[in-house]
Amino acid sequence: SEVEQKPFFDHFKELNQRIILSIVVLVSAFVLFYINYTDIYNLLTNPLVEAGYTKADLVAFTIYEGFQVKISNTLLVSFIGTFPITFLIIANFVKPAINDLKSSTYVIYLISFLFLFYSGLFAAYQTFPIGIKFLLQFNESEIILRTQNYFQLVSRISLIFGISFQTPLVIYFLIKKNIIKLSLFTNNRKEVFIFVLIFSAILTPTGDPITLFIFTIPLYLLIELVVYLNSRN
């Protein structure tokens, strides 16, 4: 095939071109979001406001902390905003190597991946106010909310949720490839739910039952959907 006959360094050159194109897209978005940083700041601090605090409660400890936070926040939003484009750029490089993957199946996988990623981000964003309230209620004395720590928590949990929501898609792929058996899930539903619950408890930072189940229930239902779809094939 054309893929097999193509020299290694041609593949390497194409990959470099795709990486450079992805970086150009990311940098372009970074400049745009940096110019409109006020909207980004309001978006990322909204969970804090919903938890009963104000933006003025965030305090910088060093003279350069504000600049660091602005750069990291803009980079985070730029990555999330351009992720579908950069993901497609790299995915289209990998696709020819997967010979048995139909075009329709490939498109479904891409759409599912992106849908689950952004569903995870949405779930994280919705649970932030609950998590913030839960964590801060343990402080019996007045505390200082450091700007850097708050935004690090937001970025880490957002990405963790986005990545962990890919679990059903991974399970679907493993079942389709007969790497794991469908019966493992159909015959052990209680055990699977407990496993998802433990997995969610490890990932969610707060430990409160509301946040835990907001993460657990959608993830488990997605796994059940995967089981259902595989059982029909």
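Residues numbered from 1 in each chain as written. Predicted model: local features only at pLDDT ≥ 70, side-chain atom pairs only at ≥ 80, totals over all residues. Heavy atoms only, no water.

Caption draft 1: Broad picture of the overall build of the chain. When helices and strands are tallied, the chain shows 10 helices and 2 strands. Each helix and strand of the chain, ordered N terminal to C terminal, gives the series α-α-α-β-α-α-β-α-α-α-α-α. When burial is assessed residue by residue, the chain has 35% of its 233 residues classed as buried. Considering only contacts in the chain between residues 6 or more positions apart, those separated by 24 or more positions represent 80%. Here the chain has roughly 14,100 Å² of accessible surface; of this, 68% comes from carbon and sulfur atoms. (Helix = DSSP H or I, 4+ residues; strand = E, 2+ residues; numbered from the N terminus. Buried < 20%, exposed > 50% of the residue type's maximum accessible area, 1.4 Å probe, protein only. Contact = heavy atoms within 4.5 Å. Areas by Shrake-Rupley, 256 points an atom, 1.4 Å probe, with all protein chains shown as cover.)

Caption draft 2: A look at the environment of A60. Looking at the element boundaries, A60 is found in the loop between strand 1 (58-59) and helix 4 (65-94). Using a relative accessible area of 43% as the deciding quantity, one classes A60 as partly exposed. In this structure, the C-alpha to C-alpha distance between A60 and L145, residues 85 residues apart in sequence, is 8.7 Å. When neighbours within four sequence positions are excluded, A60 is seen to be in contact with E65 and T147.

Caption draft 3: A look at the confidence of the model for the chain. On average, residues of the chain score 83 in pLDDT, and 90% of them reach the 70 mark or higher. Across the chain, helix 3 (residues 37-50) holds the top mean pLDDT of 91, while helix 1 (residues 2-5) sits lowest at 48. (pLDDT = per-residue confidence, 0-100.)

Caption draft 4: Local environment of the packing of aromatic side chains. Counted by the stated rule, this structure contains 13 aromatic pairs. Between F83 and F117 the ring centres are 4.6 Å apart and the planes differ by 35°, which places this aromatic pair in the tilted class. Residue F83 is located in helix 4, and its partner F117 is located in helix 5 (residues 103-136); the two are separated by 34 residues in the primary sequence. Assigned by exposure class, F83 and F117 land together as buried. With a centroid separation of 5.1 Å and 75° between ring planes, the pair formed by Y150 and F151 is classed as edge-to-face. (Phe/Tyr/Trp six-rings, centres within 6.5 Å; stacked < 30°, edge-to-face > 60°.)

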